[in-house]
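Coordinate inspection notes
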Amino acid sequence: MELWKSISLGLVGGMGLLLYGMYIMSEGLQKIAGHRLRNILSTLTHNRLTALVVGALVTILFQSSTATTVILVGLTSASIMTLKQTLGVILGADIGTTVTAQLIALNVTEISLPIVGIGATIIFFSKRDKYKRIGQALLGFGLLFLGLKIMSDTMHPLRDAPFFKQMLMSASDYPLLAIAAAALFTFLVHSSAASVGIIMVLSMQGMVSLHSAIYLLFGANIGTSFTAILTSLGSSREAQRVATAHLLFKMAGVLILFPFVTPYAALLTKFTSSPGYQVANAHTLFNIGIAIVFLPFTSYFARLLQKIVPERQDKSWDAEELKPKFLDNKLINTPSIALGLVSKEINHASDQVFEMTTSVITIFELSSVELLDKINKKEDYLDVLYKAITQYLTDIMRQPISRQEFYRSMSYMHIVNDLEHIGDIIEKDITYIASCKIARGCKFSEAGWEEIKDMHKHLCDMIRMCNLALFSNDKDLASKTAKMYPEMSRMERHLRAKHFNRLKDGTAQSISTSSLHLDLINSFLRISEHIKNICQEILIHDNSQNYFSHHMNDDLDREEDLTESITFN
């Protein structure tokens, strides 16, 4: 009884160290990669061979093809990557998971404690974030293999337990059961690397035969795709196709190799007599084989997936539109990628603001109540986006993020706040002015109307340039756009004076619409001020310097640096 208690505690503790080590190692490597991770995934995956390499490297960072596939699901759902791009990355991700297996075969577990010591020393004695991240990655790497070593030492007495050994050795007699059990375990721990590590430990202890280990490896490879399938539920069809692709690749590989397990095992024994290397090589060759077979046919496979997972036929506007288009909560724990999604969502919100701003003039031209309702609906959608983006950014800032990522998050907070203010001005002021004009049945004077249209045209030009600067992070264009605000301010004063002259001359239409006219051009000016604020945010935000926003200007004498109370990783 004491033996089983000791074994149970050792296995649980070893598994905990292994999973925690993988987590902090992945976190440290992600921080080292930073914002480059999203750029690499979106730009270097157009060629299938480079996509294969990128998939392998990213999976080494995450120590899990499951995590890589979940990220691909999110990026595809946000339209940052296409299905065809992700297929090569998925195949590369499967190869990336084999690196850990090869390291285990090299008995890296024996030097796990020194690695933990080196990593911890770097973390505690280094003052620079860059070196602390390297120390965190080393610490996680050491804990991963220390966990495996504890599990290996714990299971050593089980070699003399006939029942346990016979049960594992007989796995080859029930291959489907072995595959199902390994798949379920891999799904529960969310890591094929952990499952493969345990299978290797069992093999190195002589508790499972090579045949049994191969069947268990099949299950581990299939189980790693289940998490992505669950993650894709409720996402776009393209994201569901990515998750399905991962499952189909694994299932196809197992079905192809399943009848040839015996000759496959014989081939592996010719390479080496070491059980650890045999299992590691079995895992590596299986995933390389899948990549060789399917990589040339990714285009055809993408078309097949479109038939397996077709587009939805009935799309309700409310169901599809009144929610964020790009944000994915499952990627919040990868801040560099999550902030990329926020950037796309803000661009989407700015497009809504532009459409609202350009269409308001038509309401006054046509006295259209229907168009008025459409603009109010767009403002409701903008409110949804504002709340979703703000909450998403808040959740990101609760993660262990770098100083640069914090500055970027705060910049996005201010930009989305200005976009929301523009929407409020349109809904609460301009549409109210339009409603009053329609209800009274009055018209602006001909000269006054031409002035309003001219100011509106300048406003639309300003917001169009701002959106382009925001999309491309073009500081020169942002500077040029911000300099248009003084011109808008002068125009508003000039048009106000001209309107007063018409009142002085007794123009009847100007008298009947005076308050509406003045409120409308003032609303245009206030919108242009928020556009200027967005452009200044683009200009002020410098990734390499301390963040300082124009929103802090009014409080300089009584506000301390925002970053003083923030702890960065």
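Residues numbered from 1 in each chain as written. Predicted model: local features only at pLDDT ≥ 70, side-chain atom pairs only at ≥ 80, totals over all residues. Heavy atoms only, no water.

Moving on: the packing of aromatic side chains. Here the structure, examined in full by the defined rule, presents 10 aromatic pairs. With 6.2 Å between their ring centres and 65 degrees between their planes, Phe187 and Phe226 make a pair best called edge-to-face. Residue Phe187 is located in helix α10 (residues 175-189), and its partner Phe226 is located in helix α13 (residues 226-232); the two are separated by 39 residues in the primary sequence. Taking relative accessible area as the criterion, Phe187 reaches 21% and is therefore assigned partly exposed. The interplanar angle of 55 degrees and the centroid separation of 6.1 Å between the aromatic rings of Phe294 and Phe301 together place this pair among those described as tilted. A residue is classified by how much of its surface remains accessible, and Phe301, at 12% relative accessible area, is buried. Among the aromatic side chains, those forming a connected cluster through ring pairs are Tyr215, Phe218, Phe258 and Phe286. Cation over ring: Lys344 sits above Phe326, and NZ or CZ is 5.0 Å from the ring centre. If you follow Lys532 out to its NZ or CZ, it ends over the ring of Tyr485, 4.7 Å from the centre. (Phe/Tyr/Trp six-rings, centres within 6.5 Å; stacked < 30°, edge-to-face > 60°. Helix = DSSP H or I, 4+ residues; strand = E, 2+ residues; numbered from the N terminus. Buried < 20%, exposed > 50% of the residue type's maximum accessible area, 1.4 Å probe, protein only. Lys NZ or Arg CZ within 6 Å of the ring centre and 35° of its normal.)

Another point: unusual backbone geometry. With a phi close to 50 degrees, Asn473 is a non-glycine residue in the positive phi region. Tracing the chain through its elements places Asn473 in the loop between α22 (446-472) and α23 (475-482). Residue Asn473 is classed as exposed on the basis of its relative accessible area of 51%.

This next bit is on the confidence of the model for the protein chain. Of all residues in the protein chain, 84% have pLDDT values of 70 or greater, and the mean over the chain is 81. Low confidence marks residues 314-320, where pLDDT is under 50. Its contacts with residues over four positions away, or in another chain, come to two contacts. Counted against residues more than four places away or in other chains, residues 542-548, with its pLDDT under 50, gives 14 contacts. (pLDDT = per-residue confidence, 0-100. Contact = heavy atoms within 4.5 Å.)

Within this structure, the stated rule accounts for 10 salt bridges. A salt bridge links Lys250 to Asp94, with the nearest nitrogen and oxygen atoms 3.2 Å apart. With a gap of 156 residues between them, Lys250 in helix α14 (residues 237-257) and Asp94 in helix α5 (residues 83-96) connect regions that are remote in the sequence. Of the two residues, Lys250 and Asp94, both sit in the buried class. One connected set of salt bridges, linked through shared partners, spans Glu451, Lys498 and Arg502. (Salt bridge = Lys/Arg side-chain N within 4 Å of Asp/Glu carboxyl O.)

Further remarks concern the environment of Ile540. Looking at the secondary structure, you find Ile540 in helix α26 (residues 514-540). The exposure class of Ile540 is partly exposed, given its relative accessible area of 30%. Between the C-alpha atoms of Ile540 and Lys475, which are 65 residues apart in sequence, the distance is 9.3 Å.

Further remarks concern a nonpolar patch on the surface. Among the surface-exposed residues, Leu267, Phe271 and Leu285 lie close enough to one another that they form a single nonpolar patch of about 280 Å² accessible area. Mapped onto the secondary structure, Phe271 falls in helix α15 (residues 261-271). (Patch = residues over 30% accessible without salt bridge, like charges linked within 9 Å, V, L, I, M, F, W, Y side chains within 5 Å. Areas by Shrake-Rupley, 256 points an atom, 1.4 Å probe, with all protein chains shown as cover.)

Let us now look at empty space enclosed by the protein. By the definition in use, this model includes one cavity of 30 Å³ or more. Here the largest cavity is characterised by a volume of approximately 30 Å³. For the largest cavity, the full set of lining residues is Ile214, Leu217, Phe218, Asn221, Tyr264, Ala282, His283 and Phe286. Every element with two or more residues in the lining of the largest cavity is listed here: α12 (210-223) and α16 (275-294). It is α12 that provides the largest number of residues to the lining of the largest cavity, a total of four residues. (1 Å grid on protein atoms, 1.4 Å probe; cavity = no way out; pocket = protein on both sides within 12 Å on 5 of 7 lines; lining within 4 Å. Points joined across faces, edges and corners; volume = space filled by probe spheres on them.)

A word on the nonpolar core. Counting 146 residues, the largest nonpolar core has Ile214, Phe218, Phe249, Val342, Tyr392, Ile396 and Ile531 as its most contacted members. Among the elements that take part in this core, helix α21 (residues 403-440) stands out by supplying 15 residues, more than any other. Core analysis: the next-biggest nonpolar cluster, separate from the first, contains five residues, Ile24, Leu139, Leu143 and Leu146 among them. (Core = buried A, V, L, I, M, F, W, Y, C linked by side-chain atoms within 4.5 Å.)

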